[in-house]
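Reading the structure
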Amino acid sequence: MESIVTIRNLSKSYGDKEVLRDINLDVHKGEIIGYIGPNGAGKSTTVKIMLGLVGDYSGDIRIFGEDIRDGKVDYKKKIGYVPETAEIYENLTAREYLTFIGELYGMKYEEANKKAGKLMDLFGVKDVYDARISSYSKGMKQKALIISALINDPEVLFLDEPLSGMDANSVMVFKEVLAELARKGKTIFYSSHIMEVVEKISSRIILINNGEIVADGSFNDLKGTTMDSSLEEIFNQLTGFNEHEKIAKEIVATIEEVI
Ligand SMILES: Nc1ncnc2c1ncn2[C@@H]1O[C@H](COP(=O)(O)OP(=O)(O)OP(=O)(O)O)[C@@H](O)[C@H]1O
């Protein structure tokens, strides 16, 4: 199977805090990787390193066979990225923003405008194409971001919590879009805390805890190793978490406390 992303011995520290420890990973064409882990586990850091947004790491990363350290930016043209928090240009309209992004990817204005307008329509937000993004609801902003990541027909998609704020119908459509893209040979790296969705869409799940990969396999493989039935339970077990009731009680007791 063709390897789209190859990560070898990736480690990263911030000061004396080791955030990623010896990550090794091969991502193959057409895979939907569910990349999960507790808050602060190192998921966004991994993705940002792959995108060239964070440097100063040790180890090697190849994307489409090229070492990303070589400073070439060509590989980025084949990548789409939905970040966890969007630095979206809120004063622009979606038409302005999406055509701008399209042109950055080397598309002609007319082509970008046509495609963006059509995608806005298909995502049910055509009526706000010419409204400022600052006036959008959370889910509408998320759709504009998703469109900006897809407009250049990328080979690889990096998605960080892409569904936040989206309603149930839109989520269904988007999940189907991801499955269809994977069938067409696109590779998807999907980072999220919504276990239900990760469980359903991923062909392979990678669980990272304290900067290390602690599980890597299909949902069925993971089920086999722990005897748990849902990804949420597997997640809790592999990250050593079984104290939710106790912690919740302490939180409520603290809220009620008269100090
Ligand atoms: N610029 C930075 N400077 C210092 N520490 C950082 C920086 N960015 C991230 N970290 C630390 O690296 C660790 C991993 O962060 P990261 O954002 O990769 O986690 P995550 O798995 O994406 O978490 P979440 O699920 O909350 O999004 C955290 O302890 C975080 O505090």
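An account of the accompanying structure is given in this report.

Definitions and limits used
- Residues numbered from 1 in each chain as written.
- Predicted model: local features only at pLDDT ≥ 70, side-chain atom pairs only at ≥ 80, totals over all residues.
- Pairing = 2+ DSSP bridges.
- Helix = DSSP H or I, 4+ residues; strand = E, 2+ residues; numbered from the N terminus.
- Axes fitted to C-alpha atoms, helices over the stretch in contact; angles between N-to-C directions.
- Contact = placed C-beta atoms within 7 Å.
- Parallel < 35°, antiparallel > 145°, perpendicular 65-115°, else oblique.
- Left-handed = near helix turned anticlockwise from the far one by under 90°.
- Nonpolar A, V, L, I, M, F, W, Y, C, P; charged D, E, K, R; others polar.
- Buried ≥ 20, exposed ≤ 12 C-beta atoms within 10 Å, placed from the backbone.
- Near = placed C-beta within 6 Å.

1. Looking at the sheet that holds strand β3 (residues 32-36)
The 6 strands lie next to each other as β6-β7-β8-β3-β9-β10, forming an open sheet whose pairing is mixed. Looking along the sheet, the strands with just one partner apiece sit at the ends: β6 (79-82) and β10 (212-217). On average, each strand axis in the sheet is inclined to that of its neighbour by 15°, with strand direction left out of account. Helix α1 (residues 43-50) contacts β3, β7 (156-160), β8 (187-191) and β9 (204-209) of the sheet and is inclined by roughly 150° relative to β7.

2. What about the packing of helix α2 (residues 94-104) against helix α4 (residues 138-150)?
The geometry of α2 relative to α4 is characterised by a closest axis approach of 9 Å and an angle of 25° between their N-to-C directions. With respect to α4, the element α2 is oriented roughly parallel. Crossing handedness for the pair α2 and α4: right-handed. Here A94, Y97, L98 and I101 of α2 come into contact with α4, specifically with A144, I147 and S148. For the contact of α2 with α4, a count of residues per class yields 6 nonpolar, 1 polar and no charged.

3. So, α2
Looking at α2, one finds that the buried residues are A94, Y97, L98, T99, I101 and G102. On its buried face, α2 is in contact with α3 (109-122) and α4. The first or second residue beyond α2 is G106, which carries a positive phi of 95°.

4. Topic: the pairing of strand β4 (residues 58-63)
Strand residues, when the strand is regular, have side chains that alternate between the two faces of the sheet. Sheet topology places strand β1 (residues 3-14) next to β4; 5 bridges connect them, and they run antiparallel. Across the sheet, V5 pairs through a bridge with I63, a residue of β4. In this structure, β4 lies alongside strand β5 (residues 66-67), joined through 2 bridges in antiparallel fashion. Note on β5: the bridge partner recorded for R62 is D67. In textbook terms, the turn of a hairpin is the stretch between consecutive antiparallel strands, and for β4 and β5 this stretch comprises 2 residues, one of which, F64, has a positive phi near 50°.

5. Observations regarding the site of the ligand
Close to the ligand lie Y14, V19, G37, N39, G40, A41, G42, K43, S44, T45 and E84. When residues of the shell around the ligand are assigned to their parent elements, the largest contribution, 3 residues, is made by α1. Broken down by class, the residue content of the shell around the ligand amounts to 3 nonpolar, 6 polar and 2 charged.

6. Things to note about the sheet that holds β5
Within the open sheet, the 4 strands sit side by side as β2-β1-β4-β5. Their pairing is antiparallel. Bordering the open sheet on either side are β2 (17-28) and β5, each of which pairs with just one other strand. Note that β1 and β2 share 8 bridges and pair antiparallel. The residue bridging L10 from the neighbouring strand is I23, located in β2. This element, α1, spans β1, β2 and β4 of the sheet and lies at about 60° to β2.

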